[in-house]
Amino acid sequence: MEIQTINKIRNMIKNKDAQKEYIKWLAAYSKPFIPQLALIFLFDTLLSFTNIGLALVGKEMVDRATNGSGVKNYILMYMAVMFSSLVVTALYQLIAAVVYEKFGFGIRKRVYRRILDTNWLDITKYHTGDLMTRLTSDVAAVAGGIAETIPTIIRLIVQVVITFFTLAFFDWRLAMLALAVAPVAAVVSWLLGRKVKYLTVKVQETESAYRSFMQESLANILIVKSFRTEDYSEKHLTELRDERLHWVLKKTRMGVAASSVMSLAFQIGYVTAFAWGVIGISNKTLTFGTMTVFLSLVNQIQGPIMSLAEMIPKVVTILASAGRIIELQELPEEVKSATNIKTEGLGLKVNDLSFAYVKDEPIFEKAEIDFKPGEFTAIVGRSGIGKTTLIRLIMAFTNRFHGDIEFYNKYGETESTNAGVREFISYVPQGNTLFSGTIRDNICFGGVKASDREIEEALRGAAAYDFVQELPDGIDTKIGEKGYGISEGQAQRIAIARALLKKAPFLILDEATASLDPETELMVLDGLRNWNPRPTCLLISHRMSVLKYCDSEIRIKDHKLITEKLEPEQIFA
Ligand SMILES: Nc1ncnc2c1ncn2[C@@H]1O[C@H](COP(=O)(O)OP(=O)(O)OP(=O)(O)O)[C@@H](O)[C@H]1O
Ligand SMILES: [Mg+2]
């Protein structure tokens, strides 16, 4: 992945078409913000005019002083220009901050949404820490780039051009001399740009690794503590930091070296202009005022040229970060068509199903089954055989399977599985899947506008009503990440209530009662069977109690789905 990304970015930067695509992508994201960006640019340009204004008024002031003419008005004018420059700067900073925030969020929201809409199997290959880095620091680099760097570049170019002509008006030779710093800047930044894009990708990748580790060890702090791996974790974090530091240092060294070279060129340019001016004054070919304006204009032409050169690595950083975001956008997106099949008497046919996560390691091979409408079907099979995988295929979390998975209804309508069918499926996944927030928040995931009565019904259906009532704040009791604060079996029942609230005609439970005692489990299963409207239900379980509640049983064996009436001892085989 790492090498791939770097190569991809290398190719992108070399390849003209890909560059066009980058720019198109950046343009598409910037489009809604063009008015605000234009405003920033306007302020930026105004600032360069006030700077030139200051230089010109300064010149008149010095010349008049030398001639013994009055300077009072000029001092006032100088102060007025300075004051307006201050006001414009302040306004500029305020607007830039707001635009940057809004713009950054605009991009972040779209990337976040794109991640949510990406094929599950493809996006879960990325660590959430890595995704977070892309969503935060890469998006910030791109947003900052567009909101600040690009307007700055335009402003700098305008500034160089205006200053050059103003300077040439006084002395074209000096103007040319001041421009002489440009080739140095160009060479340095060209050399720099090539290296910086590689280093930027490295810095971002090590940042991802570092964050991923922190996030994961904090999420699993119990494991860190119980295995007494606090020291190891700290050490590992330091190692990851060292790795990051290595690349950060390299990138910084590159920047420092480049800016030193440019600073030198700048100093030489300035000293030359200074010497030129002094000689001019001693020959009496130059007034003091012109000398002042020279020095300040030379400053103003070389400064922006150098800043422009420093912008090149920034632009490369933007491109590198944009590359990491575009990479996510190139992952297959789910097609979310609304389902158009009625859901009365909903069944599911699996035909000729073949699937493998990894080539040559099939999970299913030409499997078939019919889940009949209104039936409760148990799915059994040893751990790791593919029970959860079957559910993932049914729910279209990946579309990379062969064969048909087709829902049908009592009217004879059919629909092949796709992301849209999740509208009529309720799913209780394996493991703890609660969010932090109140119990009500969690249950309402299944129906945002649910009334208190509906929530109560769902809680009763999942045999969770009594324990929720006994909590200090009842249904408004706050729980932490992954249901922290309630027991595992209680969390499972809240997850079942969340699924029931959706009142979906197709219900899938993956080991959803595994943490319950037999008595509570029976209550939950009773609740499910009596749930109105009665769903078509798939229950993955190893437990006898669950199987007894089902109308039929499916075993996954030898990559096939087999319907069989199992004897108890077989079930636990
Ligand atoms: N994202 C994935 N990428 C590659 N292989 C996977 C992935 N998820 C699961 N597998 C593999 O696919 C096989 C089936 O996994 P699955 O989760 O469907 O098993 P299961 O029957 O639900 O097991 P359990 O009863 O333990 O939950 C396993 O061998 C597993 O290692
Ligand atoms: Mg499983």
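**Some remarks on the coordination of the magnesium ion (ligand 2)**
Geometry reference: four tetrahedral donors at a metal, ideal angle 109.5 degrees. Six octahedral donors, ideal angles 90 or 180 degrees.
At step 1: Of the protein atoms, only Thr 388 (OG1) and Gln 430 (OE1) coordinate the magnesium ion (ligand 2), at distances of 2.0 to 2.3 Å. Of this pair, Thr 388 sits in helix H12 (residues 387–394) while Gln 430 sits in the loop between strand E6 (425–428) and strand E7 (437–438), and the two are 42 residues apart along the sequence.
At step 2: Among the residues examined, Gln 430 registers a relative accessible area of 45% and is labelled partly exposed.

**Concerning the packing of helix H6 (residues 128–170) against helix H11 (residues 288–329)**
At step 1: The geometry of H6 relative to H11 is characterised by a closest axis approach of 6 Å and an angle of 155° between their N-to-C directions. When the axis of H6 is compared with that of H11, the two are roughly antiparallel. Like other packed secondary-structure pairs, H6 and H11 cross with a definite hand, here left-handed.
At step 2: Class assignment of the residues belonging to the contact of H6 with H11 gives a composition of 25 nonpolar, 11 polar and 6 charged.

**Brief notes about the environment of Ser 260**
At step 1: As for its position among the elements, Ser 260 is in helix H10 (residues 230–282).
At step 2: On the accessibility criterion, Ser 260 (42% relative accessible area) is partly exposed.
At step 3: When the C-alpha atoms of Ser 260 and Gly 480 are compared, they prove to be 52 Å apart, with 220 residues separating the residues in sequence.
At step 4: A polar side-chain atom of Ser 260 sits 2.8 Å from the main-chain carbonyl oxygen of Val 256.

**With respect to the domain arrangement of the protein chain**
At step 1: Split by domain assignment, the protein chain resolves into domain 1 (2–329) and domain 2 (347–572).
At step 2: Averaged C-alpha coordinates put domain 1 and domain 2 at centres separated by 52 Å.
At step 3: The interface is formed by 5 residues belonging to domain 1 together with 8 residues belonging to domain 2.
At step 4: Carbon and sulfur atoms make up 52% of the area that domain 1 and domain 2 hide from each other, which totals about 550 Å².
At step 5: Inspection of the domain 1/domain 2 interface yields 1 salt bridge.
At step 6: For Arg 400, the salt bridge identified is with Asp 122, shortest N-O distance 2.2 Å.
At step 7: One can count 4 residue pairs in polar contact (both at pLDDT 80 or more) joining domain 1 with domain 2.
At step 8: Classifying every residue of the side of domain 1 that touches domain 2 gives 2 nonpolar, 1 polar and 2 charged.

**Considerations on the packing of aromatic side chains**
At step 1: For the structure on display, the rule yields 9 aromatic pairs.
At step 2: Relative to Phe 103, the ring of Phe 33 has its centre 4.8 Å away and its plane inclined at 80°; by these criteria the two rings are edge-to-face. One end of the pair, Phe 33, is in the loop between helix H2 (16–30) and helix H3 (34–67); the other, Phe 103, is in helix H4 (residues 72–116), and 70 residues separate them in sequence. Phe 103 matches Phe 33 in its accessibility class, with the two residues each being buried.
At step 3: Look at Phe 407 and Phe 506: their rings are 5.3 Å apart centre to centre, the planes differ by 80°, and that puts the pair in the edge-to-face class. Here Phe 407 is found in strand E4 (residues 402–408), whereas its partner Phe 506 is found in strand E9 (residues 506–510), with 99 residues between them in sequence.
At step 4: Residue Phe 407 is classed as buried on the basis of its relative accessible area, which comes to 0%.
At step 5: Phe 506 gets classed as buried once you look at its relative accessible area, which sits at 0%.
At step 6: In this structure an aromatic cluster arises from ring pairing among Trp 120, Phe 397 and Tyr 427.
At step 7: Over the ring of Tyr 408 we find Lys 349; its NZ or CZ atom is 5.0 Å from the centre of that ring.
At step 8: We note Arg 460 situated over the ring of Tyr 465; from NZ or CZ to the ring centre the distance is 3.9 Å.

**Thoughts on the layout of surface pockets**
At step 1: In this model, the largest pocket occupies a volume close to 2500 Å³.
At step 2: As for the largest pocket, its lining consists of 49 residues, of which Trp 120, Asn 432, Thr 433, Leu 434 and Phe 435 are closest to the centre.
At step 3: At the level of secondary structure, the elements contributing two or more residues to the lining of the largest pocket comprise H4, helix H5 (120–123), H6, helix H8 (181–219), helix H9 (221–226), H12, E6 and helix H16 (488–501).
At step 4: Residue composition of the lining of the largest pocket, grouped by class: 25 nonpolar, 14 polar and 10 charged.
At step 5: When residues of the lining of the largest pocket are sorted by domain, at least three fall in each of domain 1 (2–329) and domain 2 (347–572).
At step 6: What the second largest pocket holds in volume is close to 600 Å³.
At step 7: Around the second largest pocket, the lining comprises 25 residues; the ones closest to its centre are Ile 23, Leu 26, Ile 150, Val 315 and Leu 319.
At step 8: Every element with two or more residues in the lining of the second largest pocket is listed here: H2, H3, H6, H8 and H11.
At step 9: Of the residues forming the lining of the second largest pocket, the biggest block, 6 residues, is contributed by H2.
At step 10: Along the lines of polarity and charge, the residues of the lining of the second largest pocket split into 19 nonpolar, 4 polar and 2 charged.

The rules we used
Residues numbered from 1 in each chain as written. Chains lettered and ligands numbered in written order. Predicted model: local features only at pLDDT ≥ 70, side-chain atom pairs only at ≥ 80, totals over all residues. Heavy atoms only, no water. Donors = N, O, S within 2.8 Å, 3.2 Å for Na, K, Ca; no water. Helix = DSSP H or I, 4+ residues; strand = E, 2+ residues; numbered from the N terminus. Buried < 20%, exposed > 50% of the residue type's maximum accessible area, 1.4 Å probe, protein only. Axes fitted to C-alpha atoms, helices over the stretch in contact; angles between N-to-C directions. Parallel < 35°, antiparallel > 145°, perpendicular 65-115°, else oblique. Left-handed = near helix turned anticlockwise from the far one by under 90°. Nonpolar A, V, L, I, M, F, W, Y, C, P; charged D, E, K, R; others polar. Polar contact = N/O pair within 3.5 Å; in protein donor to acceptor, adjacent residues only side chain to side chain. Domains from an automatic or database assignment. Contact = heavy atoms within 4.5 Å. Buried area = accessible area lost by both parts, 1.4 Å probe. Salt bridge = Lys/Arg side-chain N within 4 Å of Asp/Glu carboxyl O. Phe/Tyr/Trp six-rings, centres within 6.5 Å; stacked < 30°, edge-to-face > 60°. Lys NZ or Arg CZ within 6 Å of the ring centre and 35° of its normal. 1 Å grid on protein atoms, 1.4 Å probe; cavity = no way out; pocket = protein on both sides within 12 Å on 5 of 7 lines; lining within 4 Å. Points joined across faces, edges and corners; volume = space filled by probe spheres on them.

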